[in-house]
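Structural characterization, general
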Amino acid sequence: GAGVSQSPRYKVAKRGQDVALRCDPISGHVSLFWYQQALGQGPEFLTYFQNEAQLDKSGLPSDRFFAERPEGSVSTLKIQRTQQEDSAVYLCASSLYPPGLNSPLHFGNGTRLTVT
Amino acid sequence: GQQVMQIPQYQHVQEGEDFTTYCNSSTTLSNIQWYKQRPGGHPVFLIQLVKSGEVKKQKRLTFQFGEAKKNSSLHITATQTTDVGTYFCAGAGGTSYGKLTFGQGTILTVHP
């Protein structure tokens, strides 16, 4: 079946622009995660949704970052007034069950954001 | 907060040699997962360990979870060029509901 789909694959933004990154999880997956991966580093947690509820947003770096999943399926990560330090790959992952049931994450291919 | 450290950062081996990467958490974990990321790709789930002292094998790969559930290792026997990539451990537990904390990864290169 289809995996996690992210768009766009690449995004170049000028400093100060707003960007919106989309994630289409595997159908029926309850949990959705956003991670940020800098070059040569492991993924860093940003936020977690269980269905439409955002249960953990402790990893969002600043109030310029906002995520939503209004209908419990597609999710959007929005970054306002982008800064150069926002340049990274943004990974979306979904899993079938809530995290307490130890289900693995299925990652999308990510969106590579470059802020110039 | 929870920290997950992974060593070594890089490992270069000749094809046929063995490879091991180690993962240590600052807190006790409820479970640990391992992922592989090929160059230019995304992390792909390999395995999950839940029980103290658990050992799991997948062909040439052996995964261990420590007795205290704070450390883990991945051992590859007789590496092949297809093993090239970055191996990440990711731990869940403590008060970090919903959050997997990834290690910084071990980059494996295999020379034919």
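Shown above is the structure to which this text applies.
Here is what the cut-offs are and how they apply
Residues numbered from 1 in each chain as written. Chains lettered and ligands numbered in written order. Predicted model: local features only at pLDDT ≥ 70, side-chain atom pairs only at ≥ 80, totals over all residues. Heavy atoms only, no water. Helix = DSSP H or I, 4+ residues; strand = E, 2+ residues; numbered from the N terminus. Rg over C-alpha atoms; globule rule 2.2 N^0.38 Å. Buried < 20%, exposed > 50% of the residue type's maximum accessible area, 1.4 Å probe, protein only. Contact = heavy atoms within 4.5 Å. Areas by Shrake-Rupley, 256 points an atom, 1.4 Å probe, with all protein chains shown as cover. Lys, Arg positive; Asp, Glu negative; His and termini not counted. Charge placed at Lys NZ, Arg CZ, Asp CG, Glu CD. Polar contact = N/O pair within 3.5 Å; in protein donor to acceptor, adjacent residues only side chain to side chain. Pairing = 2+ DSSP bridges. Axes fitted to C-alpha atoms, helices over the stretch in contact; angles between N-to-C directions. Phe/Tyr/Trp six-rings, centres within 6.5 Å; stacked < 30°, edge-to-face > 60°. Lys NZ or Arg CZ within 6 Å of the ring centre and 35° of its normal.

The subject of this paragraph is the overall build of chain A. Secondary structure summary: chain A contains zero helices and 11 strands in total. For chain A, the α and β elements follow one another from N to C terminus as β-β-β-β-β-β-β-β-β-β-β. Compactness check: chain A gives a C-alpha radius of gyration of 13 Å against a globular reference of 13 Å for 116 residues, within 12% of the reference. For chain A, the spread of C-alpha atoms along the three principal axes comes to 40 × 25 × 25 Å. For chain A, the proportion of its 116 residues judged to be buried stands at 47%. When contacts within chain A are restricted to residue pairs at least 6 apart in sequence, long-range pairs at least 24 apart make up 54% of them. Accessible area of chain A: about 5700 Å², with a carbon and sulfur share of 47%. Charge-centre separation for chain A: the mean point of 11 positive side chains lies 8 Å from the mean point of 10 negative side chains.

Residue and element names in this part refer to chain A. Summarising the element assignment, Q54 is placed in strand β6 (residues 53–56). Once the C-alpha coordinates of Q54 and S73 are considered, the two residues, 19 residues apart in sequence, prove to be 12 Å apart. Setting aside residues no more than four positions away along its own chain, Q54 makes contact with T47, Y48, F49, L60 and A67. Separated by 2.7 Å, the side chains of Q54 and T47 make a polar contact.

With that settled, the discussion passes to the sheet that holds strand β8 (residues 75–79) of chain A. All names here are of chain A. Spatially, four strands are ordered β1-β3-β8-β7 in an open sheet, and the strand pairing comes out antiparallel. Single-partner strands in this sheet number two, and they are β1 (5–7) and β7 (65–68). In this sheet, neighbouring strand axes are inclined to one another by 15° on average, regardless of whether the strands run parallel or antiparallel. Direction of pairing for strand β3 (residues 19–24) relative to β8: antiparallel, over a ladder of five bridges. In the sheet register, C23 faces β8, and the bridge partner there is S75.

Attention now goes to the packing of aromatic side chains. If you walk through the whole model with that rule in mind, you get 13 aromatic pairs over all chains. Ring geometry for F33 of chain A versus Y35 of chain A: centroids 6.4 Å apart, planes at 35°, classification tilted. For the pair shown, F33 of chain A and Y35 of chain A are each scored as buried. For the ring pair Y35 of chain A and F102 of chain B, a centre distance of 5.3 Å and an interplane angle of 80° mean the geometry is edge-to-face. Of this pair, Y35 of chain A sits in strand β4 (residues 31–37) while F102 of chain B sits in strand β10 (residues 101–102), placing the two residues on different chains. No difference in accessibility class separates Y35 of chain A from F102 of chain B, as the two residues are buried. Three or more aromatic residues link up through ring pairs in this structure, and these residues are F33, Y35, F45, Y48 and F107 of chain A together with Y35, F45, F88 and F102 of chain B. If you follow R9 of chain A out to its NZ or CZ, it ends over the ring of Y10 of chain A, 5.6 Å from the centre.

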